[in-house]
Amino acid sequence: MPIILSETAAKEIKNIIQKEGLSEAVALRVGVKGGGCSGFSYVLDLTEAAPENDKVMECQNIKIFSDERSYHYLDNTEIDFKDDVTGHGFVFKNPNATRSCNCGSSFSV
């Protein structure tokens with residue numbers, strides 16, 4: 001199952017692309033890196049080209065790239081965007097995580 005973007009997250013990504021004056025060819029690169037309070041941290045970036053071995057997906061008319069190692073941890077993860085009185089930012093609903101920190105930006109498996 002691919003990485004999933006909620007409507008709210010897709011709208012925010014499109015707003016960022018437009019606000020930054022980026023090309024419509026820009027894609028969202030999603031990954032993980034070691035660190036954070038739970039072991040792994042999520043990484044989001046905008047890029048125009050996928051490295052050779054990245055998985056390529058599309059959701060909500062946004063291309064998504066993920067390297068194979070990260071995809072292993074992110075398979076079936078939903079990315080949402082939250083903007084309310086408690087804060088704003090991208091939120092990850094990762095069914096592969098066995099534990100997440102309170103801030104939601106790191107996890108363990």
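The structure we're discussing is the one just above.
The rules behind each value
- Residues numbered from 1 in each chain as written.
- Predicted model: local features only at pLDDT ≥ 70, side-chain atom pairs only at ≥ 80, totals over all residues.
- Heavy atoms only, no water.
- Pairing = 2+ DSSP bridges.
- Helix = DSSP H or I, 4+ residues; strand = E, 2+ residues; numbered from the N terminus.
- Contact = heavy atoms within 4.5 Å.
- Axes fitted to C-alpha atoms, helices over the stretch in contact; angles between N-to-C directions.
- Polar contact = N/O pair within 3.5 Å; in protein donor to acceptor, adjacent residues only side chain to side chain.
- Core = buried A, V, L, I, M, F, W, Y, C linked by side-chain atoms within 4.5 Å.
- Buried < 20%, exposed > 50% of the residue type's maximum accessible area, 1.4 Å probe, protein only.

A few points about the pairing of strand 6 (residues 78–84)
Thinking step 1. Relative to strand 6, strand 1 (residues 4–5) is paired through two bridges, and the arrangement is parallel. In the strand pairing of strand 6, L5 is matched with I79.
Thinking step 2. Bridge analysis of strand 6 against strand 7 (residues 87–93) gives seven bridges, and the strand direction is antiparallel. Counted as the bridge partner of D80 is V91 from strand 7.

What about unusual backbone geometry?
Thinking step 1. Notably, N61 is not glycine yet its phi reads approximately 65 degrees, a positive angle.
Thinking step 2. Mapped onto the elements of the fold, N61 is located in the loop between strand 4 (55–59) and strand 5 (62–66).
Thinking step 3. Even without glycine at this site, N76 takes up a positive phi of about 75 degrees.
Thinking step 4. Secondary-structure assignment places N76 in the loop between helix 2 (68–74) and strand 6.

Some remarks on the sheet that holds strand 6
Thinking step 1. Pairing within the open sheet is mixed, and its three strands lie in the order 1-6-7. Of all strands in the sheet, those with a lone pairing partner are strand 1 and strand 7, marking the two edges.
Thinking step 2. Contacts from helix 1 (residues 7–19) reach strand 1, strand 6 and strand 7, with the element oriented near 75 degrees to strand 6.

A word on the pairing of strand 4
Thinking step 1. The pairing of strand 4 with strand 5 spans five bridges and is classified as antiparallel. By the bridge assignment, E58 is partnered in strand 5 with K63.
Thinking step 2. Counting the residues between successive antiparallel strands, the hairpin from strand 4 to strand 5 contains two residues, one of them, Q60, with a positive phi of roughly 55 degrees.

With respect to the side chain of D80
Thinking step 1. Residue position: D80 is located in strand 6.
Thinking step 2. At 2.6 Å, the side chain of D80 and the side chain of S6 are in polar contact.
Thinking step 3. Not counting residues within four places of it along the chain, the set of residues in contact with D80 comprises S6, T8, A9, G89, F90, V91 and K93.

Thoughts on the nonpolar core
Thinking step 1. I3, L5, V30, I64 and I79 are the most contacted members of the largest nonpolar core, which has 22 residues in total.
Thinking step 2. Only helix 1, strand 2 (27–34), strand 3 (40–47), strand 4, strand 5, helix 2 and strand 6 provide two or more residues apiece to this core.
Thinking step 3. Excluding residues that lie within four positions of it along the chain, I79 makes contacts with I3, I4, L5, S6, A9, V30, L44, F90, V91 and F92.

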